[in-house]
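One letter stands for each residue in the lines below.
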Amino acid sequence: MKSLDTDLTVSPSKVAIGLAAAAVLLTGLNLIAVILDYSTPRVFFATEFVNLFSTRREMNIPTWYSSFALLLCSLLLAIIAFGERKQAGRRLLQWSFLSLIFLYIAVDEGAAIHERLSQAASHVISLRGTGLFNYAWVVPAGLLVVLLGLAYLRFLLGLPTRTRNLFVLAGVTYIGGALGSEMVSGLRSEVFGADIGYEMISTVEELLEMSGVVIFVYALLDYMRIRALAVHLRVTGRAKPQVEARLHLPG
C-alpha cells in the first residue's frame, strides 16, 4: 500500500481572523450570560446558559477556547524552537522555555491551578490588599512579568522588527487584561462588591486576554513565514503505510 502524503497550507491572517471571530462571539455570549445572571426573574434556561458561557465560570466553552488558543501558542513556539535548533543554544532555550510557559498557562486556564493554589495559600498566609491591589496576587505576578521581560529583552531586540512589534503588542494587550483589568475589578469589588459593573470589567479583562493571544498566534505564524520554517511531519512504523504531512505558510 502506498504511503499517505498531504500538504497543508496555513494562512496566518486567516487563522488570526478565525480565532478573533470566536473570541468576539464568546464575548457576546458572555454579555448575554451576565444579563441573564442578574435578571429577575430568571428565565428557565438562564443557569445553564450562564454556566456554559460566563467567563467567570470554570470548565466551560470560553475556558476551552482559551486553553486551546494558549496550547496552540505553545505548539507553535515548540515548532519554532525545533526549526531553529541549529542557531545559538541560548536562543533555542528561550524559544523552548516560552513554549513551556504557554503550556503551563494553557493547563492552568483549563484546570484553574492558580485559583486553587491561592485558595489553599489563603488558609496559611493572610494576603490582604486594598484599592487597586485588593487582589494581592497582582503584586508578585507583576514582579514576575517584569523579571521575565528583562530576561527576554535581548532576545526580543534580536527579533525582526515586525515580529518584535507584534510580540510587544500581544504582551501589552494580554497583560493589560490579566493584570490591569484585574486591578480595576479588584477596586470595583472592594467598593461595590461583585455587581454587574464588576462583571463588565471582567468581560473586558477576558476580551483583552483573548485578543493578546490572537495577536501572538498571528505573530508566531508570521515569523515562521518570514523565516521560511517548513514543518514536515513523518509517522512511520513497522507496518505500512507511512504518513507524511507538510505545512506551508504562504507569503
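Look above for the structure.
Along each chain, residues carry numbers from 1 onward, in the same order as the chain's sequence is written. For a predicted model such as this one, the threshold for reporting local features is a pLDDT of at least 70, and the threshold for listing and counting side-chain atom pairs is 80 or more; totals across whole chains, interfaces and linings nevertheless cover every residue. Computation of side-chain values: all heavy atoms of the structure, hydrogens and water removed.

Some thoughts on the overall build of the protein chain
Note on conventions: DSSP H or I runs of at least 4 residues are helices, E runs of at least 2 residues are strands, and numbering of each starts at the N terminus. When its secondary structure is counted, the protein chain shows nine helices and three strands. When a residue's accessible area, from a 1.4 Å probe over protein chains only, is under 20% of the maximum for its type it is buried; when over 50% it is exposed; and in between it is partly exposed. In the protein chain, which comprises 251 residues, the share counted as buried stands at 37%. By the convention used here, residues are in contact when the closest approach between their heavy atoms is within 4.5 Å. Put simply, 71% of the contacts in the protein chain that link residues at least 6 apart link residues at least 24 apart.

Focus: the pattern of salt bridges
Any Lys or Arg side-chain nitrogen found within 4 Å of a carboxyl oxygen on Asp or Glu counts as a salt bridge. Counted by the stated rule, this structure contains three salt bridges. With a shortest N-O distance of 3.9 Å, aspartate 37 and arginine 57 are connected by a salt bridge. Here aspartate 37, found in helix H1 (residues 12-37), pairs with arginine 57, found in the loop between helix H2 (46-53) and helix H3 (61-83); they are 20 residues apart in sequence, far enough to count as distant. Overall, the relative accessible area of 19% leaves aspartate 37 in the buried class. A relative accessible area of 28% places arginine 57 in the partly exposed class. Close ionic contact of aspartate 222 with arginine 162 constitutes a salt bridge, the shortest N to O distance being 2.6 Å. With aspartate 222 in helix H9 (residues 196-226) and arginine 162 in helix H8 (residues 161-192), this pair connects stretches of sequence that are 60 residues apart. Shared partners join several salt bridges into a network, and the residues in it are Arg162, Asp222 and Arg225.

Focus on the packing of H1 against H2
The relative placement of two packed helices is expressed as an angle between their axes plus a distance between the axes. Where helices are involved, their axes are fitted lines through C-alpha atoms of the stretch in contact, as for all axes, and angles between N-to-C directions lie from 0 to 180°. Where H1 meets H2, the closest approach of the two axes is 9 Å, and the angle between their N-to-C directions is 140°. Relative to H2, the element H1 is oriented oblique. The hand of the H1/H2 crossing is left-handed. Residues Leu29, Asn30, Ile32, Ala33, Leu36 and Asp37 of H1 pack against Ala46, Phe49, Val50 and Phe53 of H2. The nonpolar class holds Ala, Val, Leu, Ile, Met, Phe, Trp, Tyr, Cys and Pro. Asp, Glu, Lys and Arg form the charged class, and all remaining residues, Gly among them, are polar. For the contact of H1 with H2, the per-class residue count stands at eight nonpolar, one polar and one charged. Throughout, the term roughly parallel applies to angles under 35 degrees, roughly antiparallel to angles over 145, roughly perpendicular to angles from 65 to 115, and oblique to all others. The handedness criterion is simple: a crossing whose near helix is rotated anticlockwise from the far helix by less than a right angle is left-handed, and one whose near helix is rotated clockwise is right-handed.

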